[in-house]
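# Per-entry structural report
Chain by chain, the residues:
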Amino acid sequence: MRATKEYRLSMTDEAQKLVDKLTLEQKVWLMSGNIDLTTTTAEALAALAEAMESEENHYNVTPYAAGGLEEYNLPPMLFADGPRGVVCGNWQTTCFPVSMARGATFDTALEEKVGHCIGKEVRAFGGNFFAGVCINMPYNPGWGRSQETYGEETYQIGQMGAALVRGVQDEDIMACVKHYAFNDMENARFKCSVTCDQRTEQEVYLPHFKDCVDAGAASIMSSYNRYNGVHCGHHNYLLRQVLKKEWDFDGFVMSDFCWGVRDTVEAANGGQDMEMMWTQFFGKRLVQAVQDGFVPEERINEAALRIVRTILAFDKDHKEYDMSVVGCAEHIAVAKEAAQKGITLIKNENVLPLKKSETKRIALIGKLADTAVIGDHGSSWVRPPYVVTPKEGLEKANPDCEVLFHDGGDVESAKKLAASVDAVIFVVGYDHDDEGEFISENEAENYTGSMGGDRKSGLGLHKEDIELVKQAGPVNEKSAVVLVGGNMIMMTEWYDCVNAVIMAYYPGMEGGTALAEILYGDVNPSGKLPYVVPYAEEDLPHVDWEATDQYYEYYHGYTRLEKNGVKPLVPYGFGLSYTTFDISDPKAAVEGDCLKVTARVKNTGDRDGDEVVQLYVGFQNSAVDRPVKQLRGFSRVSLKAGEEKTVEIVTPVEKLKWYNPVYREWQLEHMDYPVYVGSSSAQEDLTETVISL
């Protein structure tokens, strides 16, 4: 109920009556985090960075409060972070796979379940606000925090983000969508100004935010970066014109923490409703700005109404949860399911699944094989009660098999070991030192921890891992590489040196269990890559990760490769199974405002399995420059061996429009649209029909 916009708007009169009673100081109090900044910015940043690495008193160990008026029985907004679970608490919360791994499930129903689990755990810690719906779209997969989002395709990101919003808010927890907008660089996030043309803005970088707003998101977090020279936390066009006017967003906007607001008057007049997490530019400064006539009090009244209305809707007569739900068996089972459905089989040449009866000795090579790697150590860092490593997972899955671990440091000894066993599994990739949230030494002089950042040294494996796989992979015909990381990892240099490749992403606390179940065939893999894998990094857009100005082109990812006629190593949406599927007989029709497409899907193999049926719409007949085709729908379907089903995918016709910057409006071209249904974006994996609109 509270997830709906209609319910929140029904609270307007009650909220307005309360706001009408407040003094200017009380209204401004609602617009700031409840911590006064008494140190310098550099000292504060160092303290925050150290808190992120702290074992006990870490960042967001308890919810952060903002606003609230006890005398009016109005609770504060109580903030809990974490796209892969709640970051509050110490070694007790459920750690789900990172969002990129969950994006690979293409399963919105499962993502809603994740949202329900997270919402319950937020409430258990006393929170009422979850700021973990991260839907920024990586312009280049080297972005350090791209593990926190769902993929490279705006439609898929929007659908998955909206599902998380629904799940969280069904538990009466406000969901905050971040970071609005164009926040796709980490190292330069505080200084970079992004520019792009208006079609790129409207068609590529904003639709997924609108999808989450349409799903009823209660809050939007503005981003650190600038857009067209203006800080996004001050951006009148983004915040007031697009978000609040054109999209009719009824919730409130909060700043990214600590440095999301840089100027009192510009932020308040530009549409920023709340400064987090401590008060620097709002508070007394904002009161003075109103009194001096620089900020109209009407602007304060609007922000206060938005905040009060939203908090009343979600935190009036709220449910209470005890701590027994935190890290409970039910939530851990959902985390495991997400890992099972997200882990993606990219290559398999008669290697997998391994047969337990024939596998007596396995070489497990690579330092990450015996390391609890769950993602970066920034604001999304969840502390679960345990993490199952690949080594632990394999040992448990087949107790009769001897698992021989080798850290991969000595290539020659690794080769000898690989040649002596029944199968060899390399576990290689990244950890929090390589990618993730970043604070530079200049911004935190006293901070000595490691905070990832963007992948400045390239998109492939570390040189030593490449050499390891190239040397030791070919010595055993049953060799597989398991990749660990938050986004696409280049494979060209070593791809032909092994017979199987799996993308594990950062698979959460039960990742080792899920991985072992897939390697042995107890679980049939069904994940699909939410990004394209090119042969060369040059096929992707160039980014200067230290730039003060960065231009975003209209094309990136798979749409860029297709437009340029470049074949990828692995296409977008691709993922293998231990069974086979046939997708046929596509039919397309327009019903009302929606495009409805059906197709027959048959499991033609001898194992039960899941297939993700993908709908792409082509724009080859367009009079304007548009992608060859774009994902515009998907449906995950479970099929028994030999079973056949009809799958229906429905997408709004609105999603087929293009944005005309001359008239500043969305327009539908009346033409023939090729409609493709299949198992990946590759043309050979698709079957085609046509719809005329």
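Notes on the structure in this doc start here. (Residues numbered from 1 in each chain as written. Predicted model: local features only at pLDDT ≥ 70, side-chain atom pairs only at ≥ 80, totals over all residues. Heavy atoms only, no water.)

Now for the pairing of strand E21 (residues 609–618). The element E21 is extensively covered by neighbouring structure, given that 10 of its 10 residues are classed as buried. Where burial is concerned, the two faces of E21 agree: the one with Gly-609, Glu-611, Val-613, Leu-615 and Val-617 and the one with Asp-610, Val-612, Gln-614, Tyr-616 and Gly-618 are both buried. Sheet analysis places E21 next to strand E26 (residues 672–678), joined by 4 bridges and oriented antiparallel. Paired with Gln-614 across the strands is Gly-678, a residue of E26. (Buried < 20%, exposed > 50% of the residue type's maximum accessible area, 1.4 Å probe, protein only. Helix = DSSP H or I, 4+ residues; strand = E, 2+ residues; numbered from the N terminus. Pairing = 2+ DSSP bridges.)

Looking now at the state of the cysteines. Throughout the structure, instances matching the rule amount to 0 disulfides. Looking at Cys-258, it has no disulfide partner, and the nearest cysteine sulfur is the one in Cys-176, 14 Å off. In this structure Cys-328 is not part of a disulfide, and its nearest cysteine sulfur, from Cys-117, lies 6.8 Å away. Taking the relative accessible area as the measure of exposure, Cys-328 reaches 16% and is therefore buried. (Disulfide = S-S within 2.5 Å.)

Turning to the sheet that holds strand E10 (residues 252–254), a few remarks are in order. Strand order in the open sheet formed by 6 strands is E2-E3-E4-E5-E7-E10, with mixed pairing between adjacent strands. Edge strands, defined here as strands with exactly one partner in the open sheet, are strand E2 (64–66) and E10. Adjacent strand axes in the sheet meet at a mean angle of 35 degrees when their direction is disregarded. In terms of strand pairing, strand E7 (residues 219–222) meets E10 through 3 bridges, oriented parallel. Considered in E10, the bridge of Ser-219 is made with Phe-252. (Axes fitted to C-alpha atoms, helices over the stretch in contact; angles between N-to-C directions.)

With the exception of glycine, the majority of residues adopt a negative phi angle, and the majority of peptide bonds are in the trans configuration. With an omega of -5 degrees, the peptide bond between Met-276 and Met-277 qualifies as cis. Tracing the backbone shows Met-277 in the loop between helix H11 (264–270) and strand E11 (278–279). The peptide bond linking Leu-352 to Pro-353 adopts the cis configuration, its omega dihedral lying at 0 degrees. Locating Pro-353 in the fold gives a position in the loop between strand E12 (344–348) and strand E13 (361–365). Phi is positive for Phe-182, which is not a glycine, with a value near 65 degrees. Locating Phe-182 in the fold gives a position in the loop between strand E5 (174–180) and strand E6 (193–195). Take Phe-182: its relative accessible area is 2%, and that puts it in the buried class. Unusually for a residue other than glycine, Asn-350 sits at a positive phi of about 60 degrees.

A separate point is the pairing of strand E22 (residues 629–639). Among the 11 residues that make up E22, 10 are buried, leaving the element largely enclosed by the rest of the structure. Inspection of the sheet shows E21 paired to E22 by 10 bridges, in the antiparallel sense. Following the sheet pairing, Glu-611 is matched in E22 by Val-637.

Counting 86 residues, the largest nonpolar core has Leu-352, Phe-426, Leu-483, Met-491, Trp-494, Ile-502 and Val-570 as its most contacted members. For Leu-483, the contacting residues outside a window of four places in its chain are Val-428, Leu-461, Ile-489, Met-491, Trp-494, Val-501, Ile-502, Met-503, Ala-504 and Tyr-505. One finds Phe-182, Val-213, Cys-232 and Val-334 within the second-largest nonpolar core, a separate group that totals 65 residues. (Core = buried A, V, L, I, M, F, W, Y, C linked by side-chain atoms within 4.5 Å. Contact = heavy atoms within 4.5 Å.)

Before going further, it helps to examine the side chain of Arg-299. Following the sequence through the fold, Arg-299 ends up in helix H13 (residues 297–315). On the basis of relative accessible area, Arg-299 is assigned to the buried category, the value being 4%. Reaching out from Arg-299, the side chain makes a polar contact with the side chain of Asp-273 at a distance of 2.8 Å. If we skip the residues at most four places from it in the chain, Arg-299 touches Arg-240, Lys-244, Ala-268, Gly-271, Gln-272 and Asp-273. (Polar contact = N/O pair within 3.5 Å; in protein donor to acceptor, adjacent residues only side chain to side chain.)

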